[in-house]
Amino acid sequence: MAKTRQGFPEGLPFTARGHDHAICVAAAVDRAAELCARRRARLTPLRRRVLELVWRSHEPVGAYAILEILRAEGRRAAPPTVYRALEFLLAHGLVHRIESLNAFVGCIRPGTAHGGQFLICGGCGAAAEITDGRIERAVKPRARALGFEVTRQTIELGGLCPRCRKAGARGRARNQPSRAVS
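Residues numbered from 1 in each chain as written. Predicted model: local features only at pLDDT ≥ 70, side-chain atom pairs only at ≥ 80, totals over all residues. Heavy atoms only, no water.

Participant: I tried to follow the state of the cysteines on my own but got confused; where do I start?
Facilitator: Working definition: the covalent bond between the sulfur atoms of two cysteines is a disulfide. Evaluation of the coordinates by the stated rule reveals zero disulfides. There is no disulfide at C161, and the cysteine sulfur nearest it, in C121, is 3.7 Å away. (Disulfide = S-S within 2.5 Å.)

Participant: Teacher, can you tell me more about the layout of surface pockets here?
Facilitator: A probe as big as a water molecule, rolled over the atoms, marks out the empty space that is left. Within this model, the largest pocket holds a volume of roughly 350 Å³. The greatest single-element share of the lining of the largest pocket, amounting to three residues, is contributed by strand β1 (residues 95-98). Considered class by class, the residues forming the lining of the largest pocket number three nonpolar, nine polar and three charged. (1 Å grid on protein atoms, 1.4 Å probe; cavity = no way out; pocket = protein on both sides within 12 Å on 5 of 7 lines; lining within 4 Å. Points joined across faces, edges and corners; volume = space filled by probe spheres on them. Helix = DSSP H or I, 4+ residues; strand = E, 2+ residues; numbered from the N terminus. Nonpolar A, V, L, I, M, F, W, Y, C, P; charged D, E, K, R; others polar.)

Participant: Which parts of the structure should I look at to understand the sheet that holds strand β4 (residues 127-130)?
Facilitator: By definition, the strands of a sheet pair up through backbone hydrogen bonds, in either a parallel or an antiparallel sense. Spatially, three strands are ordered β4-β3-β5 in an open sheet, and the strand pairing comes out mixed. A strand with exactly one partner marks an edge of an open sheet, and here the two such strands are β4 and β5 (154-159). Going from strand to strand, the sheet's axes swing by 20 degrees on average, the running direction of each strand aside. Direction of pairing for strand β3 (residues 116-121) relative to β5: parallel, over a ladder of six bridges. Counted as the bridge partner of Q117 is I155 from β5. (Pairing = 2+ DSSP bridges. Axes fitted to C-alpha atoms, helices over the stretch in contact; angles between N-to-C directions.)

Participant: What exactly am I supposed to notice about empty space enclosed by the protein here?
Facilitator: A full pass over the atoms with the stated rule returns two cavities of 30 Å³ or more. Of the volumes computed, that of the largest cavity is approximately 120 Å³. Lining the largest cavity are 13 residues; nearest its centre among them are W55, H58, V105, G106 and A127. Looking at the lining of the largest cavity, the elements that each hand over two or more residues are α2 (45-55), β2 (103-106) and β4. It is β4 that provides the largest number of residues to the lining of the largest cavity, a total of three residues. Among the residues making up the lining of the largest cavity, the classes are represented as eight nonpolar, three polar and two charged.

Participant: Explain the packing of helix α1 (residues 21-39) against α2 here, please?
Facilitator: The packing of two helices is summarised by the inter-axis angle and the distance between the axes. Contact geometry of α1 with α2 gives a least axis separation of 10 Å together with a crossing angle of 140 degrees. Our classification of the angle between α1 and α2 gives oblique. Considering only the axes of α1 and α2, their crossing is right-handed. Every residue of α2 that contacts α1 at H21, C24, V25, A28, V29, A32 and A33 is listed here: R48, L51, E52 and W55. Of the residues that constitute the contact of α1 with α2, the class distribution is eight nonpolar, one polar and two charged. (Parallel < 35°, antiparallel > 145°, perpendicular 65-115°, else oblique. Left-handed = near helix turned anticlockwise from the far one by under 90°. Contact = heavy atoms within 4.5 Å.)

Participant: What am I meant to see in the side chain of H96 here?
Facilitator: Looking at the secondary structure, you find H96 in strand β1. A distance of 3.1 Å separates the side chain of H96 from the side chain of E129, its partner in a polar contact. Discounting residues that sit within four places of it in the chain, H96 has contacts with L90, A103, F104, V105, G106, C107, H114, G116, F118 and E129. (Polar contact = N/O pair within 3.5 Å; in protein donor to acceptor, adjacent residues only side chain to side chain.)

Participant: Looking at this model, I keep getting lost on the packing of aromatic side chains. Mind explaining?
Facilitator: Here the distance between the centres and the angle between the planes together describe a pair of aromatic rings. On inspection of all chains with the given rule, the structure shows one aromatic pair. Ring geometry for Y64 versus Y83: centroids 6.3 Å apart, planes at 75 degrees, classification edge-to-face. One end of the pair, Y64, is in helix α3 (residues 63-72); the other, Y83, is in helix α4 (residues 79-91), and 19 residues separate them in sequence. For Y64, a relative accessible area of 47% translates into the label partly exposed. The ring of F88 carries the charged tip of R47 above its face, separated from the ring centre by 3.8 Å. (Phe/Tyr/Trp six-rings, centres within 6.5 Å; stacked < 30°, edge-to-face > 60°. Buried < 20%, exposed > 50% of the residue type's maximum accessible area, 1.4 Å probe, protein only. Lys NZ or Arg CZ within 6 Å of the ring centre and 35° of its normal.)

Put into structure tokens, the structure is as follows:
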């Protein structure tokens, strides 16, 4: 299984067997704390908790789902609070926004500039980030040839993960992205 420089297995959750998710969340938070310390950015307790909630599963999670969890934990949170925390995490490359689902997933290459490429299962809702530089290198010159400057590149592919394919989930299409590229 290929790993990124940060040690996260590429293609999680589709490729990992026996994956200890608590270790995954702890590693993501540790990397975020290191990155923020280097950048002299404040990873406040709320920002840290929002990052933990994004990483708690490999399904994209929306801001209002995060808000509900925070409120259930007894925190006095409002939508702007959650959105500000998510904006901070996005700005520092700690999470990605899945445009088609208006939701967020943890970044397996935090702090490195890269375009997001995501496989999104329409059966179980899991999302896996893949990193293939050939895709980025193919898109940018074509865009440049058309006079277009790429400032953000997110590619979303909908389908079925191995478990859902094996379970015969072909008929269920929840969470299928409405567009392939955003």
